[in-house]
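Analysis of the macromolecular model
Next come the chains, spelled out residue by residue.
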Amino acid sequence: MVIVKRKELTLAEKLYLPEVVRGLRITLAKMFKKPSTRQYPEEPLIKTEVTRGQPRLAVNEDDTIRCVSCGMCEIACPAYAITIDGGETDRFIEREPKRFDIDFLRCILCGFCEEACPKDAIFMSDELELADTTRKGLIYNIDRLKRPVSALKKRIDYVKKINDRWRTSSST
Amino acid sequence: MTVLLASLIKVVVIFGAMMSAAGLATLAERKVSAWIQHRIGPNRVGPFGALQPLADGVKFIFKEEFVPESATRWLFILAPAISAMAALMSVAVIPFGGLIGEIDGTPIYLSIADLDIGALWIVAIGGLGIYGVILGGWASNSKYSLFGGLRASAQMISYELSLLLCILAIAAMSDTLNLRDIVELQNSNTLLGFLPAWNIFYQPLAFVLFVVCTFAETNRHPFDFAECESELVGGFHTEYSSMKFALFFIGEYCAMIVMACLTVTLFLGGYSVPFWEDAPWYIGLGAFVVKAAFFMFLFLWVRWSLPRFRYDQLMDLGWKVFLPLALANVLLTGLFILL
């Protein structure tokens, strides 16, 4: 059993007014501090490589998509936001997605897809703004998800760095 | 005739000033709250959000005027009007400044009415404001509104006693209820040679009691049981919308302004400037505005610093602490006057 010992109040504390003045002094000091809010549309968000925005598909310099439609991200996705239909291709990797949809009404930006991807094909971009007037408009198809590797460079480097210990032994 | 015209001009000017001051006070409330919470506050309408009260007003006018089906209709409509009217009427006797000039030998002072019972007038008309709150709460026919109204009236009545006793101490000391005479008395001499002869130095206890009572009297934090968002939704104005809702707020802010003005008049020498006995009226007006603005700021400052009291604690404080203290203060004052 815990016995809570209540602190005996001093006379000044019982009188309440000195304590009120103490509280007022604190709030007065706060008034002259710089606001900690951001004027959002005018002042853009601070974006670093740690920013986990919406997932995007990496596209190589030669305009080929890295994804081989293995479905790992689809399975890893806790919100069932990803839908993939695979298909064959003449390229060396033999398979590529015919359809790759991410439903951003479901996506929770957890980054599990990025972690699950064995081909370094999907990354959390720094794009965070999401708005549309229809539900359909928020289901992104493959064309809207494609981003050149150069645009995702910072995040790719970061992910490689934190996952280095098991990626260096990968056969790809 | 010209005297009448001068009075009319004073009425219009002071009424307009009160309304715009109430608007400014709403803006100040939002700005001060923002600063205290490290925010920026309204800044979209006009430079630094200065036109926000106008935008609010336009919004209120265009909102739907909603009257609940079970409400007592005419009381429901009457209540906000009473609330705003009481607050606006009580400003009539506040002396904002000294003598402006003379017309046909009649001195023109910067206050609407120079009543001999000025302090009494403010308390009497200000007391009518309770009707706005309780009628609004009752006529809405909603349990939360009724709670809010009842609490507000109980609170205002119990704190009005202490408020009155503080005014009584001042009135006894100055031997008058005329607010202008009270100010002139504070203006005319100095205390111990280095302090202005303001009543705050003669009656420090009454000053503290009075300021706390004004908070309770105007239903402001930490005594805003009439609104009490966390327990009573919105209190007495839960069912109100549109301009009727706005009227309650104009009433509240005007009451705050009146109380700030009254505090300044009774305790801080009103429009008197320390050590400048015959200052011109515009300097006096400036001094008055500065002093009153400080008390307005105090209202906002306290609101965003302190949590709300518990209701029973509030009543305990009012009846068991404030009333005896105020009574003792009056007794002591009387004793000193007799000696």
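Presented here is a report on the structure given in the accompanying data block. Note that the structure is predicted; figures quoted are calculated from it, not measured. (Residues numbered from 1 in each chain as written. Chains lettered and ligands numbered in written order. Predicted model: local features only at pLDDT ≥ 70, side-chain atom pairs only at ≥ 80, totals over all residues.)

Moving on, we come to the overall build of chain A. The number of helices and strands found in chain A is seven helices and six strands. Relative to a compact globule of 172 residues, whose C-alpha radius of gyration would be 16 Å, chain A shows 25 Å and is clearly more extended. Burial status across chain A gives 18% buried among its 172 residues. Considering only intrachain contacts with a sequence separation of at least 6, the fraction spanning at least 24 residues in chain A is 73%. (Helix = DSSP H or I, 4+ residues; strand = E, 2+ residues; numbered from the N terminus. Rg over C-alpha atoms; globule rule 2.2 N^0.38 Å. Buried ≥ 20, exposed ≤ 12 C-beta atoms within 10 Å, placed from the backbone. Contact = placed C-beta atoms within 7 Å.)

This part covers the nonpolar core. In this structure, Cys166(B), Cys254(B), Ile257(B) and Val258(B) are the most contacted members of the largest nonpolar core, which totals 92 residues. It is helix H10 (residues 242-267) of chain B that contributes the most residues to this core, 19 residues altogether. If we ignore the near neighbours within four places in the chain, the residues touching Ile257(B) are Met18(B), Ala21(B), Ala22(B), Ala25(B) and Met296(B). If you look at the next biggest cluster of nonpolar residues, it comprises 22 residues, including Leu57(A), Cys113(A), Ile122(A) and Leu145(A). (Core = buried A, V, L, I, M, F, W, Y, C linked by C-beta atoms within 7 Å.)

Residue and element names in this part refer to chain B. Here threonine 190 is to be found in strand S3 (residues 190-191). Classification of threonine 190 as partly exposed rests on a count of 13 C-beta atoms within 10 Å. Sequence spacing of threonine 190 and phenylalanine 62 is 128 residues, and the spatial spacing of their C-alpha atoms is 54 Å. Those residues within four positions of threonine 190 in sequence are excluded, and the remaining contacts are Leu195, Pro196 and Ala197.

Quick look at the pairing of strand S1 (residues 97-103) of chain B now. Regular strands place side chains that alternate from one sheet face to the opposite one. Strand direction decides the pairing type here: S1(B) and strand S2 (residues 106-110) of chain B, joined by five bridges, are antiparallel. Each residue of the ladder has a partner; that of Glu102(B), found in S2(B), is Pro107(B). (Pairing = 2+ DSSP bridges.)

Here we take up the sheet that holds strand S2 (residues 82-88) of chain A. In sheet architecture, strand pairing relies on hydrogen bonds along the backbone and comes in two forms, parallel and antiparallel. Residues and elements named next belong to chain A. The strand order across the open sheet formed by three strands is S2-S3-S5, and the pairing between neighbours is antiparallel. Among the strands making up the open sheet, the edge pair consists of S2 and strand S5 (139-140). Strand direction decides the pairing type here: strand S3 (residues 95-103) and S5, joined by two bridges, are antiparallel. Residue isoleucine 102 lies in a different strand from S5, and its bridge partner there is tyrosine 140.

We now examine helix H11 (residues 281-303) of chain B. The end-to-end C-alpha distance of H11(B) is 33 Å, a good match for the 33 Å that 23 residues give at a rise of 1.5 Å each. The complete set of buried residues in H11(B) reads Gly284(B), Ala287(B), Phe288(B), Lys291(B), Ala292(B), Phe295(B), Met296(B), Phe299(B), Leu300(B) and Val302(B). In this fold, the buried residues of H11(B) make contact with helix H2 (17-31) of chain A together with helix H1 (2-36), S1, helix H8 (204-217) and H10 of chain B. (Expected span 1.5 Å × (residues − 1).)

Residues and elements named next belong to chain B. With respect to the helices and strands, the residue alanine 92 is situated in the loop between helix H3 (73-89) and S1. On the neighbour-count criterion, alanine 92 (20 C-beta atoms within 10 Å) is buried. Those residues in contact with alanine 92, other than ones at most four positions away along the chain, are Ile112 and Ala113.

Honestly, it's all geometry; don't read function into it.
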